[in-house]
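Results of the structural survey
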Amino acid sequence: MSQTTDAVAPDGQQAAPSPRPRPARRFHRAWFVAAVTFVTIIGAAAFRSLPGLLIDPLHDEFGWSRGTIGAAVSVNLALYGLTAPFAAALMDRFGIRRVVAVALTVIAAGAGLTVFMDSAWQLMLCWGVLVGLGSGSMALAFAATVTNRWFTERRGLVTGILTAASASGQLIFLPVLSWLVEHHGWRPAAVTVALAALAVVPFVWLLLRDHPADVGLAPYGSDTYVEKPAPVPGAATRALKVLVRAVRTGPFWLLAGTFAICGASTNGLIQTHFVPAAHDHGMPMTAAAGLLAVIGIFDVAGTIFSGWLTDRFESRRLLATYYALRGISLLFLPMLLAPSIHPPMLFFIVFYGLDWVATVPPTLALCREHYGEDSAIVFGWVLASHQVGAAVVAFLGGLARDAFGSYDMVWYGSGALCAVAALMALVIRRPGSGARPAPLAEPAAV
């Protein structure tokens, strides 16, 4: 196109409509991009399945305390979250493909180097720092960026589908990794994670596209074609400026607080400590890992259904319901752990799976409502709080096990926190309900 000199507006706003968009197709390319993103997240999800399987083998081989191993996992979880907002800004600067390809390579390097470690600080560096940084760039901010760019309709549904991709990866890799750990040791499992991440890199580079304008289309659900915005310089500065503006608004603190509790009660608690806790009660590792895989099955259904509900019902009420039900289920877990799998435990697993990350679609929807075009970066900071909460419980859970000989206090404490999150979700005001409109949807002064 030659007449596009006024396509990019000042202050980084979206471009004016192009006079020559491509005609609409029956199958919109946005769904293909969503499918590529889904498969990419699945391929990168192998590393999400491994930390809970490493605690006992590393403790047995090296004699490291569970608190030390939990500290490495907590660094991983914290960096996973803290990297996310900067990754969202980097995607605006360099494009989705480049950022994701580099992130997958870093994950592969970190996971692969762990097979040579013999000291706890090396676990902290490889699994904590490298895999944490790489995975943070593949966090839910990736899904948020794809959804915001390629869709104006069905955003809740697409968010649910992409969020469920991580659970699908857990479903695919967890039984395999647990079998490898039990029969061949933890090193082949770490190598499997590295190879899975590397295998996705060419897939991303060849098939993923950054923006609808790259293929001459308008976003799904819109009749208005927009030119691809110019790269936004100063990714780190922009992420920090968005944070500074966001912290001045009440909804940000409520969303960050509820999501911190979400991370504490999922990634930090169940994903990290469920397998060793079940093993404490005599359950074989492969059986406990199989239960986590079942959580992954129902997580897919629950998250997609939550996205469908988010398109139709008030997000804050959905969040309150999810957190309240999660907290109640955690209070019963200590009574359900046993050497074998029984029907009440299966009921817990199914229930918890449906609720696992059902919180993501309504949380992202609330970020869009309050923060507009900066919502992906704001959600990245909210996700950072999610992972900080997860990191704290991953660490404290290991300390509690070392100190008390069981995880019971951790289950009860997390259940109480979920009740607090339910109340916080109800306090969030809707835009236009009397609260001052969030300034992030407006162009910010430079």
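Throughout, residues of each chain are indexed from 1 in the direction in which the sequence is written. The predicted nature of this model means local features are confined to residues of pLDDT at least 70 and side-chain atom pairs, given and counted, to a pLDDT of 80 or more, with totals for whole chains, interfaces and linings taken over all residues. Note that the side-chain values use all heavy atoms of the structure and ignore hydrogens as well as water.

1. Here we look at the overall build of the chain
Across its full length, the chain holds 18 helices and zero strands. Pairs of residues are marked as contacts when any of their non-hydrogen atoms sit within 4.5 Å. The contacts of the chain with a sequence gap of at least 6 include a subset with a gap of at least 24, amounting to 84%. Using a 1.4 Å probe, accessible areas were evaluated by the Shrake-Rupley method; residue-level cover was limited to the displayed protein chains. Summed over all atoms, the accessible surface of the chain reaches about 17,700 Å², with 66% contributed by carbon and sulfur. Helical segments are the DSSP runs of H or I of at least four residues, strand segments are the runs of E of at least two, and each set is numbered from the N terminus.

2. A look at the packing of aromatic side chains
Geometry of aromatic contacts follows a simple scheme: Phe, Tyr and Trp rings, the Trp one being its six-membered ring, pair when their centres are within 6.5 Å, and the pair is stacked under 30 degrees between planes, edge-to-face over 60, tilted otherwise. Throughout the structure, instances matching the rule amount to 12 aromatic pairs. For the ring pair Phe 347 and Phe 351, a centre distance of 6.3 Å and an interplane angle of 25 degrees mean the geometry is stacked. Of this pair, Phe 347 and Phe 351 both sit in helix α15 (residues 343-355), separated by four residues, roughly a single helical turn. Grouped by ring-pair contacts, the aromatic residues Trp 31, Phe 151 and Tyr 220 constitute a single cluster. Across from the ring centre of Phe 94, 4.9 Å away, lies the NZ or CZ of Arg 93, which sits over that ring. A ring has a charge above it when a Lys NZ or an Arg CZ is no more than 6 Å from the ring centre and no more than 35 degrees off the ring normal. Positioned above the aromatic ring of Trp 205 is the side chain of Arg 97, whose terminal nitrogen or guanidinium carbon lies 4.9 Å from the ring centre.

3. Observations concerning the packing of helix α16 (residues 360-371) against helix α17 (residues 375-404)
At a minimum axis distance of 9 Å, the contact between α16 and α17 shows a crossing angle of 130 degrees. It follows that α16 is oblique to α17 by the angle criterion. Of the two possible hands of crossing, α16 and α17 adopt the one that is right-handed. Of the residues in α17, those in contact with Val 360, Thr 363, Leu 364, Cys 367, Arg 368 and Tyr 371 of α16 are Ser 375, Val 378, Phe 379 and Val 382. Under the convention adopted here, Pro, Cys and the residues Ala, Val, Leu, Ile, Met, Phe, Trp and Tyr are nonpolar, Asp, Glu, Lys and Arg are charged, and Gly plus all remaining residues are polar. Counted by class, the contact of α16 with α17 contains seven nonpolar, two polar and one charged residues. Axis angles are defined between N-to-C directions and span 0 to 180 degrees, where every axis is a line fitted to C-alpha atoms and, for a helix, only to the segment in contact. Reported orientations rely on four angle classes, namely roughly parallel under 35 degrees, roughly antiparallel over 145, roughly perpendicular from 65 to 115, and oblique for the rest. Here a crossing is called left-handed whenever its near helix is offset anticlockwise from the far helix by less than a right angle, and right-handed whenever the offset is clockwise.

4. Points about helix α9 (residues 186-207)
A rise of 1.5 Å per residue sets the reference length of α9, with its 22 residues, at 32 Å; its end C-alpha atoms lie 33 Å apart and thus fit the reference within 8%. For every residue, the accessible area (1.4 Å probe, protein chains only) is compared with the maximum for its type, and the residue is labelled buried under 20%, exposed over 50%, or partly exposed between those bounds. Taken together, the buried positions of α9 are occupied by Trp 186, Ala 189, Ala 190, Val 193, Ala 194, Ala 196, Ala 197, Val 200, Val 201 and Val 204. Residue count minus one, scaled by 1.5 Å, sets the expected span of a helix.

5. With respect to the packing of helix α14 (residues 315-336) against α15
Two elements in contact, α14 and α15, have axes whose closest approach is 10 Å; the angle formed by their N-to-C orientations is 155 degrees. Classified by the angle between their axes, α14 and α15 sit roughly antiparallel to one another. When the axes of α14 and α15 are compared, the crossing they make is left-handed. Contacts between α14 and α15 pair Tyr 322, Leu 325, Arg 326, Ser 329, Leu 330, Leu 333 and Leu 336 from the former with Pro 344, Met 345, Phe 348, Phe 351, Tyr 352 and Asp 355 from the latter.

6. Here we look at helix α11 (residues 250-265)
Under the 1.5 Å per step criterion, the end-to-end length of α11 is 23 Å for 16 residues, consistent within 8% with the ideal 22 Å. With 13 of 16 residues buried, α11 is to be regarded as a mostly interior element.

7. Points about the nonpolar core
Core analysis: the biggest nonpolar cluster contains 122 residues, and Leu 50, Leu 53, Phe 142, Ile 270, Phe 274 and Met 345 have the highest contact counts within it. Once you skip the residues sitting within four places of it in the chain, Phe 274 turns out to touch Leu 269, Ala 288, Leu 291, Leu 292, Leu 333, Leu 337, Met 345, Ile 349 and Trp 411. Val 73, Leu 77, Ala 78 and Ala 394 belong to the second-largest nonpolar core, a separate cluster that totals six residues. Among buried residues, the Ala, Val, Leu, Ile, Met, Phe, Trp, Tyr and Cys ones that are joined through side-chain atoms within 4.5 Å form a nonpolar core.

8. A word on the pattern of salt bridges
By definition here, a salt bridge exists when the distance from a side-chain nitrogen of Lys or Arg to a carboxyl oxygen of Asp or Glu is within 4 Å. The final tally for this structure, using the stated rule, is six salt bridges. A network of salt bridges, in which partner residues are shared, links Glu 314, Arg 316 and Arg 317.

9. A short note on the state of the cysteines
Criterion for a disulfide: a pair of cysteine sulfur atoms within 2.5 Å. Per the stated rule, a full pass over the model turns up zero disulfides. This cysteine, Cys 418, is not joined by any disulfide, and Cys 262 carries the nearest cysteine sulfur, 8.1 Å off.

10. Some remarks on the side chain of Thr 147
Mapped onto the secondary structure, Thr 147 falls in helix α7 (residues 140-150). Those residues within four positions of Thr 147 in sequence are excluded, and the remaining contacts are Arg 155, Val 158, Thr 159, Leu 162 and Arg 368.

11. A word on the side chain of Thr 40
Its place among the elements puts Thr 40 in helix α1 (residues 29-44). On the basis of relative accessible area, Thr 40 is assigned to the buried category, the value being 0%. When sequence neighbours within four positions are dropped, the list of residues in contact with Thr 40 reads Val 100, Leu 104, Met 138, Phe 142, Val 200, Phe 203 and Val 204.

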